[in-house]
Amino acid sequence: MTDSLPEWVRSALRCPETGAELDDVAGPDGPELVSRDPSEPLAYPVRGGVPVMLPDEARTI
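Just so it is clear, the structure is predicted and the values come from calculations on it, not from any experiment.

A look at the overall build of the chain
In terms of regular secondary structure, the chain is built from 1 helix and 5 strands. N-terminal to C-terminal, the α/β element order of the chain is α-β-β-β-β-β. Taken against the 2.2 N^0.38 rule, which gives 10 Å for 61 residues, the C-alpha radius of gyration of the chain at 10 Å falls within 12% of a compact globule. Along the longest, intermediate and shortest principal axes, the C-alpha atoms of the chain span 30 × 25 × 15 Å. The burial tally for the chain puts 36% of its 61 residues in the buried class. The contacts in the chain between residues at least 6 apart in sequence include a share of 24% that link residues at least 24 apart.

A look at the side chain of Glu32
Looking at where Glu32 falls in the secondary structure, it is placed in strand S2 (residues 30-35). Using a relative accessible area of 6% as the deciding quantity, one classes Glu32 as buried. For Glu32, the side chain forms a polar contact with the side chain of Arg59, separated by 2.8 Å. Residues within four places of Glu32 in sequence aside, it is in contact with Asp23, Asp24, Val25, Gly27, Ala43, Tyr44, Pro45, Val46 and Arg59.

Thoughts on the pattern of salt bridges
With the rule as written, the count across this model stands at 4 salt bridges. Where Arg36 meets Glu21, a salt bridge forms, and the shortest distance between an N and an O atom there is 2.8 Å. Of this pair, Arg36 sits in the loop between S2 and strand S3 (42-47) while Glu21 is found in the loop between helix H1 (7-12) and strand S1 (22-27), placing the two residues 15 residues apart along the sequence. With a shortest N-O distance of 2.9 Å, Arg47 and Glu57 are connected by a salt bridge. Placement of Arg47 in strand S3 and of Glu57 in the loop between strand S4 (50-51) and strand S5 (59-60) is noted, with a sequence separation of 10 residues between them. Salt bridges here are not isolated pairs; linked through shared partners, they connect Glu21, Asp23 and Arg36.

The rules we used
- Residues numbered from 1 in each chain as written.
- Predicted model: local features only at pLDDT ≥ 70, side-chain atom pairs only at ≥ 80, totals over all residues.
- Heavy atoms only, no water.
- Helix = DSSP H or I, 4+ residues; strand = E, 2+ residues; numbered from the N terminus.
- Rg over C-alpha atoms; globule rule 2.2 N^0.38 Å.
- Buried < 20%, exposed > 50% of the residue type's maximum accessible area, 1.4 Å probe, protein only.
- Contact = heavy atoms within 4.5 Å.
- Polar contact = N/O pair within 3.5 Å; in protein donor to acceptor, adjacent residues only side chain to side chain.
- Salt bridge = Lys/Arg side-chain N within 4 Å of Asp/Glu carboxyl O.

In structure tokens form, the structure reads like this:
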């Protein structure tokens, strides 16, 4: 999903709301990074290979 990012950058990304690790998934509108936090699962869109890590852009799942 985020193959265009170097692995060390991808592994450093965390949910800006909870600090949880993120998983690459195929969302309804394209690739997403989904927080592993069970109490506040958020999905951040990946647009043009760039993760949009803004809480206002996140989708609650």
